[in-house]
Amino acid sequence: MAEQLQTPDRTILIASSSLDRVTWEPIAADLAGRGYDVITYEADKVAQGTVPFDVSVNNSDGLQVRYDGRELSPRDIAAGWYRRSNLMSNILQGKSGQIGLDSERKVIQATVWDAVPEHAWLNSPERMRRVDNKLTQLALAREVGFAIPDTVATNRWETVTQSLPENIIFKTQYPFIMFCETDDLKMVYTTPLHNPDQLPTAGNPFPGLWQPQVPKSREWRITAVGDDTFDAAIYTSDGAKDDWRKHQSDQSMVEFRSEPFPDDEKEKCMQFLGRAGLRFGAFDFIEQPDGNITFLECNTNGQFGWLEAKLGLPISPAIASELAAIAKAA
């Protein structure tokens, strides 16, 4: 990229990775077509050393950032989208070593993100970090009026056996677990269990999350961008009631439909984002056979491309418009 002058009120930062280019590239192109100077930070290329990246702090100039041949002034970013900038390609053989290396990269990158004004972000990294805690967001969801599943995190099996019903599920705060003995990194889906017969009591229930298994007639993914929501109903066969993500490539087991979500529940989504200080959220719900709706979680950086492809939901243009509105207000 050739050296160029920045125009602060027209500069939009997309902090991501080339591994997620399919998601952010249409939005970057949309914003560029509107006349914005779009900087796309590709974390994996920085990690590989194929794109120059320098951060320095000194007595004369303070914090200085240079990326891909140009000066990048975080305080002059008019709008920013923090879009999975921790997706990294592996350059080490051992996954445990790779995780340690990536942790160091995240800290250095965070120096830049922290310097961007919080109001400029679609979702600020710091607010996302807080809300991504599933227990924190369940408490917030209850405050805005959502029905939530009773949830416990405990290091005592008797808490699980005594406070939860026979049919329960196990989930983790984050979808990936590292097994250091074998150096395996595995995705952990929601796991149904019978309480207490199927509990692995030889181990420790902490730090997992334990909930009642909520019966499902259908599920919902509600993607909220600014003041807009994009509603998708999810229908699953009996064999896919555990976690639709595990089966979504099989159309006979998982079907997505564009159907309207209740307005009062959508209003709670807006209240949730407002209290959390966010402008984007991908909400997951269960609708029970009796019609009651249970909040599961809000992914502050949720995927949406498959909803655009399958249902034609215009989520990318909405994100571009929201970033443009943030920049305009700067």
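Below is a summary of the structure that appears in this document. All values reported here derive from a predicted model rather than from experimental measurement.

### A short note on the overall build of the protein
When helices and strands are counted, the protein shows nine helices and 16 strands. In terms of overall dimensions, the protein is globule-like: its C-alpha atoms have a radius of gyration of 21 Å, near the 20 Å expected for 330 residues. The dimensions of the protein, computed from C-alpha atoms along their principal axes, are 65 × 45 × 35 Å. Expressed as a percentage of its 330 residues, the buried residues of the protein come to 47%. In the protein, the proportion of contacts linking residues at least 24 apart, taken out of those at least 6 apart, comes to 69%. Of the roughly 16000 Å² of accessible surface on the protein, 49% is carried by carbon and sulfur atoms.

### With respect to unusual backbone geometry
Cis geometry is found at the peptide bond from Asn195 to Pro196, where omega equals 10°. Locating Pro196 in the fold gives a position in the loop between strand E10 (191–194) and strand E11 (209–212). With a phi close to 50°, Asp68 is a non-glycine residue in the positive phi region. Assignment of secondary structure puts Asp68 in the loop between strand E4 (62–67) and strand E5 (70–71).

### Digging into the sheet that holds strand E2 (residues 37–42)
In spatial order, the strands read E2-E1-E6; together these three strands make up an open sheet with parallel pairing. The open sheet has two free edges, formed respectively by E2 and strand E6 (79–82), since each of these has just one partner strand. Averaged over all pairs of adjacent strands, the angle between their axes in this sheet comes to 15°, without regard to strand direction. Across four bridges, the pairing between strand E1 (residues 11–16) and E6 is parallel. Bridge pairing links Leu13 to Gly80 in E6. Strand contacts of helix H1 (residues 21–33): E1, E2 and E6, with the helix running at about 165° to E2, the strand carrying the most contacts. Packed onto the sheet, helix H9 (residues 315–329) meets E1 and E6 and runs at close to 140° relative to E6.

### As for the packing of H1 against H9
Each pair of packed helices gets described by two things: the angle between the helix axes and the distance between those axes. Viewed as axis vectors pointing N to C, H1 and H9 meet at an angle of 50°, and their least axial separation amounts to 9 Å. What the angle tells us is that H1 and H9 run oblique. When the axes of H1 and H9 are compared, the crossing they make is right-handed. Residues Ile27, Asp30 and Leu31 of H1 form the contact with H9, whose participating residues are Ser316, Pro317, Ile319, Ala320, Leu323 and Ala324. Its residues assigned to classes, the contact of H1 with H9 comprises seven nonpolar, one polar and one charged.

### Some remarks on the packing of aromatic side chains
With the rule as written, the count across this model stands at 22 aromatic pairs. Taking the centre distance of 5.2 Å and the plane angle of 55° together, the rings of Phe146 and Phe285 count as tilted. With a gap of 139 residues between them, Phe146 in the loop between helix H5 (134–143) and helix H6 (157–163) and Phe285 in strand E15 (residues 280–287) connect regions that are remote in the sequence. The pair formed by Phe146 and Phe285 is uniform in burial state, with each residue classed as buried. With a centroid separation of 5.9 Å and an interplanar angle of 75°, the aromatic rings of Phe285 and Phe295 are classed as edge-to-face. In this pair, Phe285 sits in strand E15 while Phe295 sits in strand E16 (residues 293–299), placing the two residues ten residues apart along the sequence. For Phe285, a relative accessible area of 0% gives the class buried. In this structure Phe295 comes out as buried when scored by relative accessible area, which is 0%.

### Details of the state of the cysteines
Following the criterion strictly, the structure yields zero disulfides and no others. No disulfide involves Cys298; its nearest neighbouring cysteine sulfur is the one of Cys269, lying 7.7 Å away.

### Things to note about the side chain of His247
Here His247 lies in the loop between strand E13 (228–236) and strand E14 (254–257). On the basis of relative accessible area, His247 is assigned to the buried category, the value being 13%. Not counting chain neighbours up to four residues away, the residues in contact with His247 comprise Gly239, Ala240, Asp242, Met253 and Val254.

### Things to note about the environment of Glu25
Here Glu25 shows up in helix H1. Residue Glu25 is classed as partly exposed on the basis of its relative accessible area, which comes to 39%.

### Thoughts on the packing of H5 against helix H7 (residues 263–276)
Relative to each other, H5 and H7 sit at 125°, their axes nearing to 9 Å. Relative to H7, the element H5 lies oblique. H7 is crossed by H5, and the crossing has right-handed handedness. In this structure, H5 uses Gln137, Leu140, Ala141 and Glu143 to contact H7, whose residues at the interface are Phe272, Arg275 and Ala276. Its residues placed into classes, the contact of H5 with H7 shows four nonpolar, one polar and two charged.

Basis of the calculations
Residues numbered from 1 in each chain as written. Predicted model: local features only at pLDDT ≥ 70, side-chain atom pairs only at ≥ 80, totals over all residues. Heavy atoms only, no water. Helix = DSSP H or I, 4+ residues; strand = E, 2+ residues; numbered from the N terminus. Rg over C-alpha atoms; globule rule 2.2 N^0.38 Å. Buried < 20%, exposed > 50% of the residue type's maximum accessible area, 1.4 Å probe, protein only. Contact = heavy atoms within 4.5 Å. Areas by Shrake-Rupley, 256 points an atom, 1.4 Å probe, with all protein chains shown as cover. Pairing = 2+ DSSP bridges. Axes fitted to C-alpha atoms, helices over the stretch in contact; angles between N-to-C directions. Parallel < 35°, antiparallel > 145°, perpendicular 65-115°, else oblique. Left-handed = near helix turned anticlockwise from the far one by under 90°. Nonpolar A, V, L, I, M, F, W, Y, C, P; charged D, E, K, R; others polar. Phe/Tyr/Trp six-rings, centres within 6.5 Å; stacked < 30°, edge-to-face > 60°. Disulfide = S-S within 2.5 Å.

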